[in-house]
Amino acid sequence: MAGDPGFWDVAWNWPLPFVTAVTVLAVPMAGIIWFICQLRYKQQIATLKDRVELVDERLGDAKEKIGKTEEEKTALHTTVKELNAQIENLKKRKAQLPRELQSIVDRLATLSATASNQVSKLSEAQEAAALSKHRDDSHEGRAGH
């Protein structure tokens, strides 16, 4: 293999019209290939830019949703605290109810006794008034005869 000619040795021996034809065809083909590669490269860059913009918009939307969700979470947390405070107040109020109910029952009993006493006094007063009227009527009846 020591005697095998190299590429350049063979290429140098090619006939000039063949080399010229290959060169005439290869240079424009390389330019066309380079142009096509540049177009594809620019299209890919444009596509990637569009994707980046779309992802950026989605990220902005997601951040807005996260912000709104955080606000809602804070509002719900506040509401939960308020409801828990109301529950505690109601529990305390519930614990006080038996005492308050007993106090109301005692007041009602007192009022009932007072009312009964006043009804008795009123009945006595009505009876006394009726007797007094009856006496006055009979006294007037005797005096008129």
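What counts as what
- Residues numbered from 1 in each chain as written.
- Predicted model: local features only at pLDDT ≥ 70, side-chain atom pairs only at ≥ 80, totals over all residues.
- Heavy atoms only, no water.
- Helix = DSSP H or I, 4+ residues; strand = E, 2+ residues; numbered from the N terminus.
- Buried < 20%, exposed > 50% of the residue type's maximum accessible area, 1.4 Å probe, protein only.
- Areas by Shrake-Rupley, 256 points an atom, 1.4 Å probe, with all protein chains shown as cover.
- Patch = residues over 30% accessible without salt bridge, like charges linked within 9 Å, V, L, I, M, F, W, Y side chains within 5 Å.
- Salt bridge = Lys/Arg side-chain N within 4 Å of Asp/Glu carboxyl O.
- Lys, Arg positive; Asp, Glu negative; His and termini not counted.
- Charge placed at Lys NZ, Arg CZ, Asp CG, Glu CD.

Engineer: Any chance you could explain the overall build of the protein chain here in plain terms?
Structural biologist: Assigned secondary structure in the protein chain consists of two helices and zero strands. Scored against the burial criterion, the 145 residues of the protein chain give a buried share of 1%. Carbon and sulfur atoms make up 63% of the accessible area of the protein chain, which totals about 13600 Å².

Engineer: Is there a simple way to think about a nonpolar patch on the surface in this case?
Structural biologist: Taken together, the side chains of M29, I32, I33, W34, F35, I36 and L39 define a hydrophobic patch exposed on the protein surface, amounting to about 730 Å² of accessible area. Within the fold, I36 resides in helix α2 (residues 16-144).

Engineer: What am I meant to see in the pattern of salt bridges here?
Structural biologist: Note that side chains of opposite charge can pair when their charged atoms are close. Tallying each qualifying case throughout the model produces two salt bridges. Here K91 ties to E88 by a salt bridge, and the two come within 3.9 Å at their closest N and O atoms. One end of the pair, K91, and the other, E88, are both in helix α2, three residues apart, so they sit about a helical turn from each other. The partly exposed category is assigned to E88, whose relative accessible area is 41%. Residue R93 is joined to E100 by a salt bridge in which the shortest nitrogen-to-oxygen separation is 2.5 Å.

Engineer: Sorry, what's going on with a negative patch on the surface here?
Structural biologist: On the surface, a cluster of negative charge is contributed by D50, E53, D56, E57, D61 and E64. Along the polypeptide, E57 turns up in helix α2. By relative accessible area, which is 52% here, E57 ends up exposed.

Interpretation in functional terms is not warranted from these geometric data alone.
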